[in-house]
Amino acid sequence: MRLSQYFLPVLKEVPANAEIVSHQLMLRAGLIRQSAAGIYSWLPLGLRVLKKIENIVREEQDRAGAVELLMPTIQQADIWRESGRYDDYGKEMLRITDRHDRELLYGPTNEELITQIFRDGVKSYKDCPRILYHIQWKFRDEIRPRFGVMRGREFSMKDAYSFDLTEEGARKSYQKMFISYLRTFERLGVKAIPMKADTGPIGGDLSHEFILLADTGESEVYCDKALIDMEVPGVDIDYESDLEPILQQWTSHYAATEEMHDADKFSKEVPDEKQRISARGIEVGHIFYFGTKYSEPMKCEVQGPDGKLIPLEMGSYGIGVSRLMGAIIEASNDENGIIWPKSVAPFDVGIINLKPGDEQTDTMVEKLYSELGNLGIDCLMDDTNERAGGKFKIMDLIGLPVQMIIGPKGAKNGMVEVKDRKTGERSDMSIEQATALFK
RNA sequence: CGGGGUAUAGCUCAGCCUGGUAGAGCACUGGUUUUGGGAACCAGGGGUCGCGAGUUCGAAUCUUGCUGCCCCGACCA
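What counts and what doesn't
Residues numbered from 1 in each chain as written. Chains lettered and ligands numbered in written order. Predicted model: local features only at pLDDT ≥ 70, side-chain atom pairs only at ≥ 80, totals over all residues. Heavy atoms only, no water. Helix = DSSP H or I, 4+ residues; strand = E, 2+ residues; numbered from the N terminus. Rg over C-alpha atoms; globule rule 2.2 N^0.38 Å. Buried < 20%, exposed > 50% of the residue type's maximum accessible area, 1.4 Å probe, protein only. Contact = heavy atoms within 4.5 Å. Areas by Shrake-Rupley, 256 points an atom, 1.4 Å probe, with all protein chains shown as cover. Lys, Arg positive; Asp, Glu negative; His and termini not counted. Charge placed at Lys NZ, Arg CZ, Asp CG, Glu CD. Expected span 1.5 Å × (residues − 1). Polar contact = N/O pair within 3.5 Å; in protein donor to acceptor, adjacent residues only side chain to side chain. Near = heavy atom within 4 Å. Nonpolar A, V, L, I, M, F, W, Y, C, P; charged D, E, K, R; others polar.

Participant: Tell me about the overall build of chain A, and name the residues and values.
Facilitator: What chain A contains, in helices and strands, is 14 helices and 23 strands. For 439 residues, the compact-globule estimate of 2.2 N^0.38 gives 22 Å, and the C-alpha radius of gyration of chain A, at 24 Å, lies within 12% of that figure. In chain A, which comprises 439 residues, the share counted as buried stands at 52%. Counting only contacts in chain A whose residues sit at least 6 apart along the sequence, the fraction spanning at least 24 positions is 71%. For chain A, the accessible area works out to roughly 20,300 Å², and carbon and sulfur atoms hold 47% of it. Distance between charge centroids for chain A: 4 Å, based on 56 positive and 72 negative side chains.

See below:
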């Protein structure tokens, strides 16, 4: 993509309305624009990142055996009455009336709808277990939206729902999602630690929040350092094998959010003070098992081998997709701007032409651009007439992981200056060497 | 929902107290010079001063009602 043809409105100054660094940077780097409190438009660069996050989430859901579908944003009030939540949910639910005075709502979550779909589509135990998911926009009319996309009212979320015949089966589904989450966050380039969460009236040990560690996180979290260094299961993980040992490995160490924290227990379980981590965290995922909470009132049952009806054991598994963009920036930025992890960067490489119009420079830039393009590398090429300093600032601000800079001096010697955004390291090399970095 | 703040150009803000023809910097357009870390100069374009009502000869400025947005608290992926 040529910057001269792109839409990238960047801001030099810090917007007055943005408090935290990720929000400021998202506005400044031209990723989003606010449309109303807690509601944002996604500009081209931001949309690219959003899709990258979505795709990683999707790939890891698929790998774990979950099946994607898509439910609407608008739902009928009826099914919420079936579960009994229509009156319970309160003002957070945005209620809408259509022209026929029918009661609708903008979905804040999808347990009811997915339960209805599954109930109507599946009648036999032979069609279980299943995990279904979708990635969709939700709306929760938060009393006070804040922190940009980290607590918006409209937000994109991946939510998965599991349907099992037995509690034991549900545990297996839970484990699959747990591991899939470890892999997802690893691939997104962030450290997210599973922490035991309150299971409410259901009880048991099957509820975890995945907390991304970032200095500017909203809440204090405590965990054993061992968790930070723990190895995440690889691509070759067999989701049909016994996953219990991996769960044990990850859940046997102390990890708690502020609400669940017990200082005495912490020092007892992690005697070495150096191993005790207390940090700030952002919740980016939440998984839990809730049994027959919806399947019973909504009659989501299948017939077992003996002909008896079995209410399904369910769980739900959320990842805050749009929130993650803010969270990743919170975890990865410096005074010059965003530093994208490679896997979610809107472009792989930013090419700077320091002097458009200089024949030697132009030729070399075009060659680099097309050769990288041929390798399937996404490049954003700054071919504008902005001054050099401005180009550097913008490129640093938008945080592409690798910058390739060509000016008349370098072009004369056939040299590209390759800069690593994260470390700031620069080195001069030929086009061949530069493209070889991606082979 | 309680408390506090704020609303003037695309962005950051001044002007308001003490009413009298709408301002600055950045951004934008044209020009000259400049050209490796947000350049200088010259000339321009851009605003029903959030909306409504009132006071007044005259309102960005005073009064009043409403709305949006932000912050703190309680609530939350």
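Participant: If you had to explain helix H2 (residues 44–63) to someone new, which residues and values would you point to?
Facilitator: Taking 1.5 Å of rise per residue, the 20 residues of H2 would be expected to cover 28 Å, and the 28 Å separating its terminal C-alpha atoms lies within 8% of that figure. A positive backbone phi angle near 95 degrees is found at Gly-65, which sits one or two residues after H2.

Participant: Can you break down the side chain of Arg-153 residue by residue, with the values?
Facilitator: Within the element layout of this structure, Arg-153 appears in the loop between strand S7 (130–139) and strand S8 (154–164). Residue classification places Arg-153 among the buried positions, given a relative accessible area of 17%. A polar contact of 3.0 Å, which involves the side chain of Arg-153, links it to the side chain of Asp-141. When near neighbours in sequence (up to four residues on either side) are disregarded, Arg-153 contacts Ala-36, Ala-37, Gly-38, Ile-39, Lys-138, Phe-139, Arg-140, Asp-141, Glu-142 and Pro-145.

Participant: For the protein's contact with RNA strand B, give the residues involved together with the corresponding values.
Facilitator: Neighbouring residues of RNA strand B: 39 residues in total, closest Gly-152, Arg-323, Asp-396, Glu-417 and Arg-426. Atoms of RNA strand B within 4 Å of the protein: sugar and phosphate make up 44%, bases the balance. Side-chain polar atom of Asn-17 to a sugar or linking oxygen of RNA strand B: 3.1 Å apart, as the coordinates give it. Contacts to RNA strand B include Lys-91, whose side-chain N or O atom sits 3.4 Å from a phosphate oxygen. Among the elements of the structure, strand S1 (32–36), helix H12 (388–398) and strand S22 (416–420) are those that each provide at least two residues to the surface near RNA strand B. With 7 residues, the single largest contributor to the surface near RNA strand B is H12. Of the residues that constitute the surface near RNA strand B, the class distribution is 12 nonpolar, 7 polar and 20 charged.

Function-wise, these values are silent; they only describe arrangement.
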